[in-house]
Amino acid sequence: PAGEWIVTFGGWAEAQFKDDQRSFTREELDALAPSHPVVMQTLYTHSVLNSAAMRSIGMDASAPDPANGKIEKDSKGQPTGRVTGAGAVAMVAEKVPLASAEQRLVNARKVVQELNAMGITTFMDAGGRGMTPEHDVPYQKLAEQQQLNVRIFSQHALGQPKNAEEVDAMLAGLQAGQIPPSFRGNEWMDNVGYGELPYSGVYTTLLTPKGRPSDADLQQWKRMVQAIADKGLYLNVHAEMAEVISGMLDVYEEVNRTTPIRGLRWSLSHVDQLQPSHIERLRRLGMSVQLHSRPVVQGTLEHQAHGDTAWDMPPLRMVRDSGIPWGLGSDATAVNQGNPFYTLGFVVTGRALNGDNVIRQTLSRTEALVAHTRANALQVFRPTELGALMPGRFADLLILDRDYLTVPEKDIQSLKPLMTMVGGRIVYTAAPFKP
């Protein structure tokens, strides 16, 4: 209906298209949807609003730039409808009205249906930016009604403190038991630990190269790491650049000298610039890594930001051959497409959606499939229940329209499920397929 918001929160980039890599303009969005507020967010880098959305959030000539962001304005000082930078993107996203509780339940059903249709039976919610326990409520209701057709393993976000005072508050909450405990759920929904952006001072964005975090930020990070280790909790952290990974491992090794963490199975996510020297440090700490197929959408942008280094981002072959535990996924829907066959096609061919060759460390089909299934069962702490078709494991499986192992490599990304089964229950069929 007129007046309702039309929004995309990322998951695409202009660079993924071959025919036209221009961004949308306010005028184009006005012409497409004159009666609706529209926001087109691209990754976390920029958003374009139409006039109705600008009016709704009060974006006019007097609007100040948010921290870490910019509201672009024309020669007359009027906003163009385009905002850039993570701070401005977040500012716009926060002003989009939230759906009612009833609509959230409807939306949750649609999300699950979409995931099943693309072949997803389980996912990890890494507790990224802006996530709160409130986001889990509609999925918990579906689970209570035995209508949740996908398994969700979550990481608590820990409030994402930005300074020493906020770290103090987080640590007080942790000590007081105010943060949800791990492993109290079931095979459909469970909290497995803490992540993915516990402290903003060590946070990076892939398309903005960044050096080693400051000593002050690493000290605050150490306080959090020590508290989590003292509690014997699992921790997974977003880490991309080589110097950031080095700084984090320095902290982990320092904490490990007094509070061993090896048995806690901690993990680092993304590790796009992981180095051979990091591998042995991770091995000694008993850690794993989680790699993602973000270049599917933004590979061309990564080469613009990092030059030749991007050819080994992520270092799939190095990690695979190292023998350390690892899993393969897509990353958040704001950053990438969730379709698992896009991910599998990418790591086998090294090509982005636009056909560009963007990485040189590729995997065989079998290596990719194992990493995206059986290896991920370990990442969500269900290694004896998920990830393989074996007696005694959950009957989570797909029937595909073609054979993954024999189709041409270029066709892997276009594979589609004819049927998806979760827990022995058929949750999706593609017409006219009849099981």
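Please read these numbers as outputs of a predicted model, since none were measured by experiment.

Undergrad: I keep staring at the overall build of the protein and nothing clicks. Help me out?
TA: Assigned secondary structure in the protein consists of 14 helices and 15 strands. In terms of overall size, the protein behaves like a compact globule, its C-alpha atoms giving a radius of gyration of 22 Å where 435 residues would be expected to give roughly 22 Å. C-alpha atoms of the protein, sized along the principal axes, occupy 60 × 60 × 50 Å. Burial status across the protein gives 50% buried among its 435 residues. Partitioning the intrachain contacts of the protein with sequence separation of at least 6 by distance along the chain shows that 68% fall at a separation of at least 24. Accessible surface for the protein amounts to roughly 19,800 Å². Of this, 53% is attributable to carbon and sulfur atoms. Between the centroid of the 42 positive side chains of the protein and the centroid of its 47 negative side chains there is a distance of 3 Å.

Undergrad: Sorry, what's going on with the packing of helix α4 (residues 101-118) against helix α5 (residues 137-144) here?
TA: For any two helices packed against each other, the geometry is given by the interaxial angle and the distance between the axes. Here α4 crosses α5 at 75 degrees, and the two axes come no closer than 9 Å. One finds that α4 runs roughly perpendicular with respect to α5. For the pair α4 and α5, the contacting residues are Arg104, Leu105, Ala108, Arg109, Val111 and Val112 in the first and Pro138, Tyr139, Lys141 and Leu142 in the second. A class-by-class count of the residues in the contact of α4 with α5 yields 7 nonpolar, no polar and 3 charged.

Undergrad: How should I be thinking about the packing of helix α12 (residues 340-349) against helix α13 (residues 365-372) in this particular structure?
TA: It is the contact of α12 with α13, at a shortest axis distance of 9 Å, that shows an interaxial angle of 140 degrees. One finds that α12 runs oblique with respect to α13. Considering the relative orientation of α12 and α13, their crossing is right-handed. Contacts from Pro340, Thr343, Leu344, Val347 and Val348 in α12 reach Arg365, Ala368, Leu369 and His372 in α13.

Undergrad: I would appreciate a short explanation of the nonpolar core in the present structure.
TA: Core analysis: the largest hydrophobic core is formed by 74 residues, its most contacted members being Trp221, Leu235, Tyr252, Trp266, Leu268, Val289 and Trp326. Look past the residues within four positions of Tyr252 in its chain and what remains in contact with it is Trp221, Val225, Leu235, Val237, Ile261, Trp266, Leu268, Leu285 and Met287. Among the nonpolar cores identified, the runner-up in size contains 15 residues, and Leu115, Ile120, Tyr139 and Ile152 belong to it.

Undergrad: So what exactly am I meant to see when it comes to the sheet that holds strand β3 (residues 46-49) here?
TA: The strands that make up a sheet are held in pairs by hydrogen bonds between backbone atoms, and each pair lies either parallel or antiparallel. If you trace the 5 strands from one edge of the open sheet to the other, you get β1-β2-β3-β5-β4, paired in mixed fashion. The sheet is open, and its two borders are formed by β1 (6-9) and β4 (70-73), each paired with just one other strand. Each neighbouring strand pair of the sheet contributes to a mean axis angle of 20 degrees, computed without reference to strand direction. Bridging between strand β2 (residues 38-42) and β3 involves 4 bridges; their strand directions are antiparallel. By the bridge assignment for β3, Val39 is matched with Leu49. Relative to strand β5 (residues 79-84), helix α3 (residues 86-95) is tilted by about 115 degrees, and along the sheet it contacts β1, β2, β3, β4 and β5.

Undergrad: Looking at this structure, I do not really get unusual backbone geometry. What am I missing?
TA: Negative phi is the rule for most residues except glycine; trans is the rule for most peptide bonds. With an omega of 0 degrees, the peptide bond running from Met313 to Pro314 counts as cis. Within the secondary structure, Pro314 is located in the loop between α10 (295-306) and α11 (316-322). For the bond from Ala431 to Pro432, the omega torsion is 5 degrees, close enough to zero to count as cis. By the element assignment, Pro432 lies in the segment after β15 (425-429). A positive phi angle, near 60 degrees, is found at Arg265, a position not held by glycine. Residue class for Arg265 comes out partly exposed when judged on its relative accessible area of 32%.

Undergrad: Looking at this structure, I do not really get the environment of Ile120. What am I missing?
TA: Residue position: Ile120 is located in the loop between α4 and β6 (122-125). Given the relative accessible area of 13%, Ile120 is considered buried. Residues Ile120 and Asp190, spaced 70 residues apart in sequence, show a C-alpha to C-alpha distance of 17 Å. Not counting residues up to four positions away in its chain, the partners in contact with Ile120 are Leu115, Val150, Gly338 and Pro340.

Undergrad: Which parts of the structure should I look at to understand the pattern of salt bridges?
TA: When the charged atoms of two side chains with opposite charge come close together, those side chains can pair. Tallied over the entire structure, the rule returns 25 salt bridges. Ionic pairing is found between Asp396 and Arg151, a salt bridge with its closest N-O pair at 2.7 Å. With Asp396 in the loop between α14 (374-379) and β13 (397-400) and Arg151 in strand β7 (residues 151-156), the pair connects residues that are 245 residues apart, well separated along the chain. Assessed through its relative accessible area of 1%, Arg151 is described here as buried. Between Glu253 and Arg281 there is a salt bridge, and its shortest N-O distance comes to 2.8 Å. Taken together, the residues span a long stretch of sequence, with Glu253 in helix α8 (residues 242-256) and Arg281 in helix α9 (residues 276-285) at a distance of 28 residues. Assessed through its relative accessible area of 14%, Arg281 is described here as buried. One continuous salt-bridge network, built from bridges that share partners, spans Arg212, Asp250, Glu253 and Arg281.

Undergrad: Please clarify how the sheet that holds strand β8 (residues 189-194) should be interpreted in this entry.
TA: Strand order in the open sheet formed by 3 strands is β6-β7-β8, with parallel pairing between adjacent strands. Of all strands in the sheet, those bounded by a partner on one side alone are β6 and β8. Pairs of neighbouring strands in the sheet enclose a mean axial angle of 20 degrees, with direction left out of account. Of the strand pairs in this sheet, β6 and β7 are connected by 4 bridges, and their pairing is parallel. Bridging from a neighbouring strand, Met124 pairs with Phe153 of β7.

Each value, and the rule that gives it
- Residues numbered from 1 in each chain as written.
- Predicted model: local features only at pLDDT ≥ 70, side-chain atom pairs only at ≥ 80, totals over all residues.
- Heavy atoms only, no water.
- Helix = DSSP H or I, 4+ residues; strand = E, 2+ residues; numbered from the N terminus.
- Rg over C-alpha atoms; globule rule 2.2 N^0.38 Å.
- Buried < 20%, exposed > 50% of the residue type's maximum accessible area, 1.4 Å probe, protein only.
- Contact = heavy atoms within 4.5 Å.
- Areas by Shrake-Rupley, 256 points an atom, 1.4 Å probe, with all protein chains shown as cover.
- Lys, Arg positive; Asp, Glu negative; His and termini not counted.
- Charge placed at Lys NZ, Arg CZ, Asp CG, Glu CD.
- Axes fitted to C-alpha atoms, helices over the stretch in contact; angles between N-to-C directions.
- Parallel < 35°, antiparallel > 145°, perpendicular 65-115°, else oblique.
- Nonpolar A, V, L, I, M, F, W, Y, C, P; charged D, E, K, R; others polar.
- Left-handed = near helix turned anticlockwise from the far one by under 90°.
- Core = buried A, V, L, I, M, F, W, Y, C linked by side-chain atoms within 4.5 Å.
- Pairing = 2+ DSSP bridges.
- Salt bridge = Lys/Arg side-chain N within 4 Å of Asp/Glu carboxyl O.

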